[in-house]
Amino acid sequence: GENVEQHPSTLSVQEGDSAVIKCTYSDSASNYFPWYKQELGKRPQLIIDIRSNVGEKKDQRIAVTLNKTAKHFSLHITETQPEDSAVYFCAASIRGGSYIPTFGRGTSLIVHP
Amino acid sequence: NAGVTQTPKFRVLKTGQSMTLLCAQDMNHEYMYWYRQDPGMGLRLIHYSVGEGTTAKGEVPDGYNVSRLKKQNFLLGLESAAPSQTSVYFCASNLLAGGTQETQYFGPGTRLLVL
């Protein structure tokens, strides 16, 4: 089955800096890669996703890049703010297949004011 | 439109007791999932369902059972609770595989403490 590795497990940055979280996946058939943000005590919520026919996608201060050859994808947050502090999860799944996503173990992002 | 709801929000059990966690969604979603979340372990899939009347095992199914008698409800049962089942349980759903329906919508979670 699919295996998703996520790094780092903890990331500490100063407000205004950029943050990058990386994930690798094992199944070359995976073609859908969502990112979820989970604030403390809250439920995970989708913040951005990318499909394998696209190399990069942006939404304001967040962007996701995908390298299919290397089987890795990354979340980039620019101009970080304290409210970006949360746990971020990546996932991989196969559109049109069973779909069932495999999640990474999460990255705890701490943004210091 | 309440989205995905979970009952109860918090529960304390003694070892050996049983309980059922209820997940309900009002979005007419086909797929439903139960995850457990433990520190440093991410979201681990317990069981899932791809439609009314169907269930399947996920990554960590031992000690749990599920039922999907109605499309909008997905029940997670613990027949004989163990301290190792202390966790936060999240239910999730999504419409269908394919298109933009892959987005999973999560419930607010149930905190379970087994003494």
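Residues numbered from 1 in each chain as written. Chains lettered and ligands numbered in written order. Predicted model: local features only at pLDDT ≥ 70, side-chain atom pairs only at ≥ 80, totals over all residues. Heavy atoms only, no water.

## Regarding the overall build of chain B
Each helix and strand counted, chain B has zero helices and eleven strands in total. Reading the helices (α) and strands (β) of chain B from amino to carboxyl end gives β-β-β-β-β-β-β-β-β-β-β. The globule rule puts the C-alpha radius of gyration for 115 residues at 13 Å, and the 13 Å found for chain B is close to it. Its C-alpha atoms give chain B principal-axis dimensions of about 45 × 30 × 25 Å. Per-residue burial for chain B yields a buried fraction of 49% across its 115 residues. Sequence-distant contacts, at least 24 apart, represent 55% of the contacts inside chain B between residues at least 6 apart. Accessible surface for chain B amounts to roughly 5300 Å². Of this, 54% is attributable to carbon and sulfur atoms. Distance between charge centroids for chain B: 9 Å, based on 10 positive and 8 negative side chains. (Helix = DSSP H or I, 4+ residues; strand = E, 2+ residues; numbered from the N terminus. Rg over C-alpha atoms; globule rule 2.2 N^0.38 Å. Buried < 20%, exposed > 50% of the residue type's maximum accessible area, 1.4 Å probe, protein only. Contact = heavy atoms within 4.5 Å. Areas by Shrake-Rupley, 256 points an atom, 1.4 Å probe, with all protein chains shown as cover. Lys, Arg positive; Asp, Glu negative; His and termini not counted. Charge placed at Lys NZ, Arg CZ, Asp CG, Glu CD.)

## Some words on the pairing of strand S4 (residues 31–38) of chain B
Residue and element names in this part refer to chain B. Summarising burial for S4: eight of the eight residues are buried, a large majority. Burial along S4 is two-sided: the face carrying Tyr31, Tyr33, Tyr35 and Gln37 and the face carrying Met32, Trp34, Arg36 and Asp38 are both buried. Hairpin connection from S4 to strand S5 (residues 42–49): three residues lie between these consecutive antiparallel strands, with Gly40 at a positive phi of about 75°. (Pairing = 2+ DSSP bridges.)

## Remarks on the interface of chain A and chain B
Counting from both sides, the interface comprises 20 residues of chain A and, opposite them, 23 residues of chain B. Of the roughly 1800 Å² buried between chain A and chain B, counting both surfaces, carbon and sulfur atoms make up 57%. When residues of chain A are sorted by the area they lose upon contact with chain B, Arg43(A), Tyr99(A) and Ile100(A) head the list and together hold 32% of the total. The interface formed by chain A and chain B contains zero salt bridges. Contributing elements (two or more residues each) for the side of chain A that touches chain B: strand S4 (32–38) and strand S5 (45–51) of chain A. By residue class, the composition of the side of chain A that touches chain B is nine nonpolar, five polar and six charged. (Buried area = accessible area lost by both parts, 1.4 Å probe. Salt bridge = Lys/Arg side-chain N within 4 Å of Asp/Glu carboxyl O. Nonpolar A, V, L, I, M, F, W, Y, C, P; charged D, E, K, R; others polar.)

## Notes on the packing of aromatic side chains
Pairs of aromatic rings are described using the distance from one ring centre to the other and the angle between the two planes. Residues and elements named next belong to chain B. Applying the stated rule across the entire model yields 13 aromatic pairs over all chains. A ring pair is formed by Tyr64 and Tyr89, whose centres lie 5.9 Å apart and whose planes are at 65°; its orientation type is edge-to-face. Separated by 25 residues along the polypeptide, Tyr64 in the loop between strand S6 (56–57) and strand S7 (65–67) and Tyr89 in strand S9 (residues 87–94) bring together distant segments of the chain. (Phe/Tyr/Trp six-rings, centres within 6.5 Å; stacked < 30°, edge-to-face > 60°.)

## Describing the sheet that holds strand S6 (residues 56–59) of chain A
Residue and element names in this part refer to chain A. Reading across the sheet, the five strands line up as S1-S3-S8-S7-S6 and stay open at both edges, with antiparallel pairing between neighbours. Across the chains shown, the open sheet's two edge strands, defined by having one partner strand only, are strand S1 (4–7) and S6. Within this sheet the neighbouring strands show an average axis-to-axis angle of 15°, counted without direction. In this sheet, strand S8 (residues 72–77) lies alongside strand S3 (residues 19–25) in antiparallel orientation, the contact comprising six bridges. Paired with Val20 across the bridge in S8 is His76. (Axes fitted to C-alpha atoms, helices over the stretch in contact; angles between N-to-C directions.)

## Notes on the pairing of strand S11 (residues 107–112) of chain A
All names here are of chain A. Of the two faces of S11, the one holding Thr107, Leu109 and Val111 is buried and the one holding Ser108, Ile110 and His112 is not buried anywhere. The pairing of strand S2 (residues 10–14) with S11 spans five bridges and is parallel. Directly across from Thr10, in S11, lies its bridge partner Ser108. Pairing between strand S9 (residues 86–92) and S11: three bridges, direction antiparallel. Across the sheet, residue Val87 finds its bridge partner in S11, namely Ser108.

## Overview of the layout of surface pockets
One number sums up the size of the largest pocket: a volume of about 620 Å³. For the largest pocket, the lining is made up of 31 residues, of which Gln38(A), Val87(A), Phe89(A), Gln37(B) and Pro39(B) are closest to its centre. Going through the elements one at a time, S1, S9 and S11 of chain A together with S4, S9 and strand S11 (110–114) of chain B are the ones with two or more residues in the lining of the largest pocket. If one sorts the elements of the lining of the largest pocket by residue count, S9(A) sits on top with three residues. Tallied by class, residues from the lining of the largest pocket come to ten nonpolar, 15 polar and six charged. Together, 26 residues line the second largest pocket, and Glu2(A), Pro101(A), Thr102(A), Phe103(A) and Glu59(B) are the ones closest to its centre. Counting residues per element, the lining of the second largest pocket draws most heavily on S5(B), at four residues. (1 Å grid on protein atoms, 1.4 Å probe; cavity = no way out; pocket = protein on both sides within 12 Å on 5 of 7 lines; lining within 4 Å. Points joined across faces, edges and corners; volume = space filled by probe spheres on them.)

## As for the environment of Ile48(A)
Residue and element names in this part refer to chain A. Looking at the secondary structure, you find Ile48 in strand S5. Judged by relative accessible area, which is 5%, Ile48 ranks as buried. Separated by 32 residues in the primary sequence, Ile48 and Gly16 have C-alpha atoms spaced 20 Å apart. Setting aside chain neighbours within four positions, we find Ile48 in contact with Phe33, Pro34, Trp35, Lys57, Lys58, Asp59, Ile62, Ala63, Val64 and Leu75.

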